[in-house]
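Structure at a glance
So you can see what is in the structure, the chains are spelled out below.
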Amino acid sequence: MPTLGLVFPRFRYPSGDFPLGIGLLAAFVREQAPDWRVVICDTTFDPRIDAIGEFLDRERPDVVGVGMSTLMLGEGLAACRLAHERGIPVFTGGPHPTTDPDGIIAEASVSAVVLGEGELATLDLARMLHQGERRPVDGAWVKLADGTVAKSPDRRPFPVLDDLPFPAWDLIDMDTYVGAWGQLDSVRPGLRGVNLNAARGCPFSCSFCQPVLDKMFGKKLRQRTPASVIAEIKALKDRYDIEGFWFTDDTFTTRRSWVEAFCDALEAEQLGLLWGCTTRANLIAPDLLHRMAQVGLRKLGIGLESATERIREGVYQKGVAADAVQETVRRARDEGVQTLLFLMLGAPGETRREMLETIRYASRLPATEASFSLFVPIPGTTLYDQMVAQGYQMSQDYTDYDYYAKQPFTHELRRGELRLIQRVGYATFYTHPYRWRSMARILQDPAGVRSLGRKILRILPHGSSGSAGDLRARAAAATAMHAVPAAR
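Residues numbered from 1 in each chain as written. Predicted model: local features only at pLDDT ≥ 70, side-chain atom pairs only at ≥ 80, totals over all residues. Heavy atoms only, no water.

With that out of the way, let us pick up a nonpolar patch on the surface. Taken together, L356, L420 and V424 make up a surface patch of nonpolar side chains, about 230 Å² in accessible area. In this fold, V424 is placed in helix α16 (residues 415–430). Of the residues examined, V424 reaches a relative accessible area of 32% and is grouped as partly exposed. (Patch = residues over 30% accessible without salt bridge, like charges linked within 9 Å, V, L, I, M, F, W, Y side chains within 5 Å. Areas by Shrake-Rupley, 256 points an atom, 1.4 Å probe, with all protein chains shown as cover. Salt bridge = Lys/Arg side-chain N within 4 Å of Asp/Glu carboxyl O. Helix = DSSP H or I, 4+ residues; strand = E, 2+ residues; numbered from the N terminus. Buried < 20%, exposed > 50% of the residue type's maximum accessible area, 1.4 Å probe, protein only.)

What follows is the structure, given as structure tokens:
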């Protein structure tokens, strides 16, 4: 029985969010090719390069697939080389390979690159590489025997998402992930939960993520049926005793009729779960917000990005007014729904004054949480291409693509000052009286303190993420912070 090994090389910033994409790929291959064995190497809780080598030696896969975002690129390529050194054919997929297939296929250790959604191409590539063949595969670039590259056209997105199986939870350390999950810690510290996905695609055109999302998932929004999502939620509750869930969809409320049908189905099941989602402030009407709150919505993620119109619309092309964000945050508070604001600091040409205005504006909103990221241009996005055309030099060191700590270009302000402004943002936001009650609740619970510590690690100064000593220290911290709460 041939074995497919899938590698998820997350080394930086421990998270309670399990690798949903890898889990789906594994489940799909097992369903469609029952003669194949599938194994997963997830480095989240053991962030050592040696752990990947140990996995390869132990499991002896016939083919290896490595998923990676730009933030994972360095470690992902290291995983490819480890497999290649052992004579194992390797293919890659994910956001970065999709947007930079030329750069990835040029790596000597990489035999093929999946473009966009990976289910169908992964199955074809695994079979082809195991048979020792090199031929074109739809939705992938394949390095042929003569060294040339067969660049096949993009594969059409998976047509009916309900036809996909649930993720291969049994191949992932779900018990640890469920205990480490922190999306609703501000609602109830230590609440056991998971992330799940109800749709693929985003119909909007923000310059910092498009057209990468279109290349990954196509231009059309595709959604699972509410019945399919409810079935997955019930399975997770039965199997892992979850108490909450978070939708990773980019804009959960894009189709009002779907949300209403989901709320009705969730209410009918009487599962007693709390949940959250992300959406745009101008896509959630007051009555819809009220209905969602009735069936357990307790947190809403909203992208403000910047308080200044010059940056938010002129640079990011967000298409959402700051007043709309303010109004939605206030309505959510009135419904008993917390809000998490997503903000970025350090856009090209953004001044110190504009960044401080974003901090001031966000801090005065009655939101519960905020994420102040440093702006990182993702290769393949409209904004990245615009910056290159304007003369910005992008770093070739992909550890610089780190929105918690670094930028891959030279901003008008020094990196140290940007990091200081970022910390000022967190300090200003979380010391505002609006946050006193929620912070007190978190600090009174050990699980809340662990989650808070994990978040603080993201913004404190630290050494190179590639350092073995640093990685081991982070792994130890992650283990302590990811302790599963005692059974109730």
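The next subject is the pairing of strand β3 (residues 63–67). Regular strands show a simple pattern: their side chains alternate between the two faces of the sheet. Burial analysis of β3 places 5 of its 5 residues in the buried class, which makes it a mostly covered element. Side chains V63, G65 and G67 project from β3 onto one buried face, and the interleaved V64 and V66 project onto a second face that is buried too. Pairing analysis gives 4 bridges linking strand β1 (residues 3–8) to β3, with the strands arranged parallel. Within β3, the position partnered with G5 by the bridge is V64. Here 4 bridges tie β3 to strand β4 (residues 90–93), and the two strands are oriented parallel to one another. Its bridge partner lying in β4, G67 is registered against G93. Viewed along the sheet, the connection from β3 through helix α3 (residues 73–85) into β4 turns out right-handed. (Pairing = 2+ DSSP bridges. Right-handed = clockwise from strand over helix to strand, strands pointing away.)

The subject of this paragraph is the sheet that holds strand β15 (residues 369–374). Working definition: the strands of a sheet are paired by backbone hydrogen bonds and lie parallel or antiparallel to each other. Strands sit in the order β8-β11-β12-β13-β14-β15 across an open sheet of 6 strands; the sheet is parallel. In the strand order of this sheet, the two ends are held by β8 (193–196) and β15, each with one partner. Neighbour-to-neighbour, the strand axes of this sheet turn through a mean angle of 20°, independent of strand direction. Where strand β13 (residues 297–305) meets strand β14 (residues 338–345), 6 bridges bridge the pair, whose relative direction is parallel. Within β14, the residue paired with G301 across the bridge is L340. Each of β13 and β14 touches helix α13 (residues 322–334); the most contacted strand, β13, lies at about 165° to it. (Axes fitted to C-alpha atoms, helices over the stretch in contact; angles between N-to-C directions. Contact = heavy atoms within 4.5 Å.)

Read from one edge of the open sheet, 7 strands run β2-β1-β3-β4-β5-β6-β7, paired in mixed fashion. Of all the strands in the sheet, the pair left with one neighbour each is β2 (37–42) and β7 (149–151). With strand direction ignored, the average angle separating the axes of adjacent strands in the sheet is 20°. Across the sheet, helix α1 (residues 20–32) is in contact with β1 and β2; its angle to β1 comes to roughly 170°. In the packing of helix α2 (residues 49–59) onto the sheet, the strands contacted are β1, β2 and β3, and the crossing angle to β2 comes to about 165°.

The next point concerns the pattern of salt bridges. All told, the structure shown has 31 salt bridges when counted by the stated rule. K318 is the salt-bridge partner of E305, the closest N and O atoms lying 3.1 Å from each other. Of this pair, E305 sits in strand β13 while K318 sits in the loop between α12 (309–312) and α13, placing them 13 residues apart in sequence. Its relative accessible area of 6% is what places E305 among the buried residues. The class of K318 is buried, set by a relative accessible area of 10%. Sharing partners across several salt bridges, the network here consists of E117, E119, R200 and R222.

Just distances and angles here, no functional claims.
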